[in-house]
Amino acid sequence: MNLQLDTDGRLRHLLTLEALPRETLCRLLDRAGQIRDTALGRTHKRNSLVGTTVCTLFFEPSTRTRSSFQIAAQRLGADIINFDASTSSARKGETALDTLRNLEAMGVRGFVVRHPDDGAAGMLAEHAGEGTTIINAGDGRSAHPTQGLLDVLTLRQAKGADFSKLKVLIVGDVEHSRVARSDLHALRTLGAGEIRVCGPQALLPKDDTLQGCAVGNDFDAMLEGVDALMMLRLQRERMEEGLVTSLADYHRDYGLTAERLQRAAPGAAVLHPGPINRGVEMTDEIADGPQSLVLRQVGNGVAIRMAVLEALLG
Ligand code: CP
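Residues numbered from 1 in each chain as written. Predicted model: local features only at pLDDT ≥ 70, side-chain atom pairs only at ≥ 80, totals over all residues. Heavy atoms only, no water.

Asks: Can you tell me about the site of the ligand, naming the residues and giving the values?
Replies: Residues in contact with the ligand, as listed here, are S62, T63, R64, T65, R114, H144, Q147, P273 and G274. One of the side-chain N or O atoms of S62 is found 2.6 Å from an oxygen atom in the ligand. A distance of 2.9 Å separates an oxygen atom of the ligand from a polar atom in the side chain of R114. In isolation the ligand exposes 260 Å². Once the protein is present, 90% of that is buried. The pocket occupied by the ligand, as judged from atoms lying within 2 Å of grid points, is the largest pocket. Classifying every residue of the shell around the ligand by side-chain character gives one nonpolar, six polar and two charged. (Near = heavy atom within 4 Å. Polar contact = N/O pair within 3.5 Å; in protein donor to acceptor, adjacent residues only side chain to side chain. Areas by Shrake-Rupley, 256 points an atom, 1.4 Å probe, with all protein chains shown as cover. 1 Å grid on protein atoms, 1.4 Å probe; cavity = no way out; pocket = protein on both sides within 12 Å on 5 of 7 lines; lining within 4 Å. Sits in = over half its atoms within 2 Å of the grid points. Nonpolar A, V, L, I, M, F, W, Y, C, P; charged D, E, K, R; others polar.)

Next up, the structure:
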């Protein structure tokens with residue numbers, strides 16, 4: 001059963017970018033581009049969601065995703081409430097589904113869900129009431145679709161809409177990254193010319209996640225001539241699991257420095273979903289340098305989330 005699209009092909013929930021039709025994906029990117037000025041507060045708020053209540057239902061911490069969904073909902077005229085698992089009855093053992101049902105009973109129509117379990121957003125979409133919409137804001141290591149959308153929107157603005165000649169390198173802990181999976185889905189749908197993936201062997205997926213990608217462990221070699229780098233956050237718990245020996249070793253082998261960046265194509269774009277571990281995934285010079293699109297990604301996050309809320313709830 002396709003939970004995302006109704007029988008007419010209209011978006012009903014947003015759970016993953018996998019198999020999302022190219023036309024639907026491009027429509028969201030185009031719309032986000034159109035409303036970017038409103039998203040960034042440069043023009044008046046819109047009122048397309050007046051009377052609609054949206055809830056950010058977060059069972060994990062967040063800065064960018066939660067704040068940008070809040071701003072996006074407000075700039076569309078919606079009412080927004082924030083559910084934080086750490087201060088809610090989830091602490092007393094209430095399930096995510098019971099939480100959803102109780103909030104539905106209060107008239108909430110849209111739920112932006114972040115959860116540590118793979119498939120949590122899909123499970124809620126399966127059991128949600130008829131008029132309820134679920135947006136996945138990151139579930140386990142499965143998907144973070146709005147991050148994937150804002151990443152390709154940022155790439156499109158920097159490098160143009162034709163991805164067919166684009167060489168993109170994804171670097172780091174792909175195995176545990178929902179961002180990497182959603183980026184891969186979006187890049188494939190948009191026909192990226194070459195997708196390279198690089199990281200320590202222990203942090204690369206062994207299943208078919210990387211099908212069709214050029215995969216390697218030598219960062220310097222993989223960097224040659226790439227047009228864009230998507231750096232991933234190193235999740236520090238991987239050191240406790242023994243998958244990475246030390247942050248210093250990781251930086252030596254996979255940290256982006258000004259010297260290394262010279263191997264990429266001139267003007268190569270540097271992306272990172274945040275939060276950045278400065279001095280680990282990249283130096284300050286790179287994070288704050290002219291080729292970094294990190295804050296552009298954040299601004300685009302509001303526009304993408306407005307486009308998604310409008311498409312689903314408008
Ligand atoms: N990129 C991202 O998901 O950041 P947050 O965890 O701060 O939302």
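Asks: Could you give an account of the layout of surface pockets, naming the residues involved and the relevant values?
Replies: Approximately 570 Å³ is the volume attributed to the largest pocket. Lining of the largest pocket is provided by 31 residues; of these, R114, R178, V179, R233 and G274 occupy positions nearest its centre. When residues of the lining of the largest pocket are traced back to their parent elements, those giving at least two are α3 (64-75), α6 (145-159), α7 (178-189), α9 (237-240) and α13 (294-313). For the lining of the largest pocket, the element with the highest residue contribution is α13, accounting for five residues. Looking at the lining of the largest pocket residue by residue, the class counts come to eight nonpolar, 13 polar and ten charged. When residues of the lining of the largest pocket are sorted by domain, at least three fall in each of domain 1 (22-143 + 298-313) and domain 2 (145-297). Considered as a void within the structure, the second largest pocket measures approximately 350 Å³ in volume. Contributing to the lining of the second largest pocket are 15 residues, with R10, L11, R12, A311 and L312 lying nearest its centre. Top contributing element to the lining of the second largest pocket by residue count: helix α1 (residues 22-34), with four residues. Of the residues that constitute the lining of the second largest pocket, the class distribution is five nonpolar, four polar and six charged. (Points joined across faces, edges and corners; volume = space filled by probe spheres on them. Helix = DSSP H or I, 4+ residues; strand = E, 2+ residues; numbered from the N terminus. Domains from an automatic or database assignment.)

Asks: Before we move on, could you go through the packing of helix α4 (residues 96-105) against helix α5 (residues 120-127) and cite the residues and values that matter?
Replies: Between α4 and α5, whose axes approach to 10 Å, the crossing angle comes to 45°. In terms of orientation, α4 lies oblique with respect to α5. The interaxial crossing formed by α4 with α5 has right-handed handedness. Packed against α4, whose contacting residues are A96, L97, L100 and R101, the element α5 presents M123, L124 and H127 at the interface. Classifying every residue of the contact of α4 with α5 by side-chain character gives five nonpolar, one polar and one charged. (Axes fitted to C-alpha atoms, helices over the stretch in contact; angles between N-to-C directions. Parallel < 35°, antiparallel > 145°, perpendicular 65-115°, else oblique. Left-handed = near helix turned anticlockwise from the far one by under 90°. Contact = heavy atoms within 4.5 Å.)

Asks: Can you lay out the nonpolar core for me, pointing to particular residues and giving the numbers?
Replies: By size, the foremost hydrophobic cluster in this structure holds 61 residues, and its most contacted members are L149, L155, I170, L187 and L309. Here this core gets nine residues from one element, more than from any other, and that element is α13. Beyond its immediate chain neighbours, meaning those up to four positions away, I170 contacts A180, D183, L184, L187, I195, R196, V197, C198, M230 and L232. Counting 23 residues, the second largest nonpolar core, distinct from the first, contains V171, V244, A264 and V270. (Core = buried A, V, L, I, M, F, W, Y, C linked by side-chain atoms within 4.5 Å. Buried < 20%, exposed > 50% of the residue type's maximum accessible area, 1.4 Å probe, protein only.)

Asks: How would you summarise the sheet that holds strand β4 (residues 133-139) if you had to cite specific residues and measurements?
Replies: Spatially, four strands are ordered β2-β1-β3-β4 in an open sheet, and the strand pairing comes out parallel. Strands at the two margins of the open sheet, each flanked by one partner only, are β2 (79-84) and β4. Strand after strand, the sheet turns through a mean of 15° between neighbouring axes, direction not considered. (Pairing = 2+ DSSP bridges.)

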